[in-house]
Amino acid sequence: MAKTIPTLLMAGLLLVATVTFGASAFTAATVDRSANVDVVTDSNGLLALTDGNSGNLVFQEGSTGQLSIDFTSGTADGANVNATFELGDPTNPTTSNAFKIANRDDEQHQINVEYTGATTNGEDNLEFSIYDSDGNSVGSVTEEGTTASFTAPADDTFYVVVTVDTGGGAGTTDLTSTSDLSGELSFTIDDANEGGSNSDDANEGGSNSDDS
């Protein structure tokens, strides 16, 4: 490390000197650059979130194209007590899933996922299980604070199965109508090799899974 720092410093000084002397040949200069930052729907973004085929509880909102999960769909007020809902098939997630996550960038990214804002009771009542294109689990996210982190190669797709358990499955405690599993599902791109934590951030999504 003792030799690296002077080398880097000298390179910086040489670069400054070159620019300084080169600039003396100009009396005026204008350089314009363009930026293309179109705002698109979730399904077409750099981090694409696309509705799966598990039914109408997961959908792309018509006005914004934002992915939503809503258990108050139709005339329902939420998820039943003492029940289990599974959006997608964990034994075949690439074919049957709640939604898909795709890295549409042309380089690899590290994607971190967490869910916040829901009622917690020490048991996993809401779980987002994430699978790669081979159907292998890469992590799970719950309302109890379990987070997932996985590497997404360029143009690769991952599949999510959502399980809501209000007491009819693995949960030993039945939720009541005062419980609320609504919250926000956040995706953060955190590439350590890009020069620091959270070099690129993308917070996406939300869900409404009130219990009735």
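One numbering rule holds for all chains: residues counted from 1, following each sequence as written. Where totals are concerned, whole chains, interfaces and linings use all residues; where local detail is concerned, this predicted model gives features only for residues with pLDDT of at least 70, and gives and counts side-chain atom pairs only at 80 or more. With hydrogens and water set aside, each side-chain value is computed from the structure's full complement of heavy atoms.

J.: Help me out: how do you make sense of the overall build of the protein in this one?
T.: By the criteria applied, helices consist of DSSP H or I runs no shorter than four residues and strands consist of E runs no shorter than two, each listed in order from the N terminus. The number of helices and strands found in the protein is 1 helix and 12 strands. Secondary structure elements of the protein occur, N-terminal to C-terminal, as α-β-β-β-β-β-β-β-β-β-β-β-β. Out of the 212 residues in the protein, the part that is buried amounts to 35%. Counting only contacts in the protein whose residues sit at least 6 apart along the sequence, the fraction spanning at least 24 positions is 68%. In these tables, accessible area is a Shrake-Rupley quantity obtained with a 1.4 Å probe, and a residue counts as shielded only by the protein chains included in the view. As displayed, the protein has an accessible area near 12100 Å², and 50% of this comes from carbon and sulfur atoms. Per-residue accessibility, obtained with a 1.4 Å probe over protein chains only, is compared with the maximum for each type, and a residue is labelled buried under 20%, exposed over 50%, and partly exposed between these values. By definition, residues are in contact when any of their heavy atoms lie within 4.5 Å.

J.: Would you take a moment to explain the sheet that holds strand 9 (residues 148–152) for this structure?
T.: What links the strands of a sheet is backbone hydrogen bonding, and the strands pair in either a parallel or an antiparallel sense. The antiparallel open sheet is built from 3 strands, whose spatial order is 9-6-11. Only two strands of the sheet have a single neighbouring strand rather than two, namely strand 9 and strand 11 (184–189). For this sheet, the mean inter-axis angle between neighbouring strands, taken without regard to orientation, is 25 degrees. Two strands are said to pair when DSSP picks up at least two bridges between them. Where strand 6 (residues 109–116) meets strand 11, 6 bridges bridge the pair, whose relative direction is antiparallel. By the bridge assignment for strand 11, isoleucine 111 is matched with isoleucine 189. Note on method: axes are straight lines fitted to C-alpha atoms, helices fitted across the in-contact stretch only, with angles between N-to-C directions ranging 0 to 180 degrees.

J.: What is the right way to read the packing of aromatic side chains from this model?
T.: Each aromatic ring pair is described using two quantities: the centre-to-centre distance and the angle formed by the ring planes. Only rings of Phe, Tyr and Trp enter the pairing, Trp through its six-membered ring, and a pair is recorded when the two centres are within 6.5 Å. The plane angle decides the type: under 30 degrees is stacked, over 60 is edge-to-face, the rest tilted. Going through the model one piece at a time under the given rule, you end up with 3 aromatic pairs. An angle of 85 degrees between the planes, with centres 5.6 Å apart, marks the rings of phenylalanine 71 and phenylalanine 85 as edge-to-face. One end of the pair, phenylalanine 71, is in the loop between strand 3 (67–70) and strand 4 (84–87); the other, phenylalanine 85, is in strand 4, and 14 residues separate them in sequence. The class of phenylalanine 71 is buried, set by a relative accessible area of 5%. Ring geometry for phenylalanine 150 and phenylalanine 158: centres 4.6 Å apart, planes at 50 degrees, overall tilted.

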